[in-house]
Amino acid sequence: MALIFIGLKIFRNRIFGTFDPISPGVTFTLLVGGVTVSMWKVKRNEAVQASAADPRFPQQPAAPAADASLKR
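In this text, all values refer to a predicted model and were calculated from it rather than measured experimentally. Throughout, a residue's number is its position along its own chain's written sequence, starting from 1. Reporting in this predicted model follows two pLDDT cut-offs: at least 70 for local features of residues, and 80 or more for side-chain atom pairs to be given and counted; totals over whole chains, interfaces and linings ignore these cut-offs and use all residues. As a convention, hydrogens and water are excluded, and side-chain values are obtained from all of the structure's heavy atoms.

Draft legend 1. Quick look at helix α1 (residues 2–16). The first and last C-alpha atoms of α1 sit 21 Å apart over 15 residues, in line with the 21 Å expected at 1.5 Å per residue. Two residues or fewer after α1 comes glycine 17, characterised by a positive phi angle close to 70 degrees. A helix here means a DSSP run of H or I that spans at least four residues, while a strand means a run of E at least two residues long, and both kinds are numbered starting from the N terminus. In a helix, the anticipated span is given by 1.5 Å times the number of residues less one.

Draft legend 2. Region of interest: the environment of asparagine 13. When you line up the elements, asparagine 13 lands in helix α1. We classify asparagine 13 as partly exposed; its relative accessible area is 23%. With residues near it in sequence (within four places) discarded, asparagine 13 still touches Thr18 and Phe19. Here's how the labels work: a residue is buried when its accessible area is under 20% of the maximum for its type, exposed when over 50%, partly exposed in between, all with a 1.4 Å probe on protein chains only. Contacts: residue pairs with any heavy atoms within 4.5 Å of one another.

Printed below as a string of structure tokens:
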């Protein structure tokens, strides 16, 4: 998403020759947001894996799969 925005900004500046002071802020926000979401997902995934390995948190058995032969 950030690369598309930056590319469109470059082409627009080449055609019209104007500078938009908002676009560096949008670019920075997109990049920081992407890094933040990525770090949050990694931390969340590590927490899930840690709790799966912890014997204090017994794993719930998986729900049985629906048998296709029972459907009519």
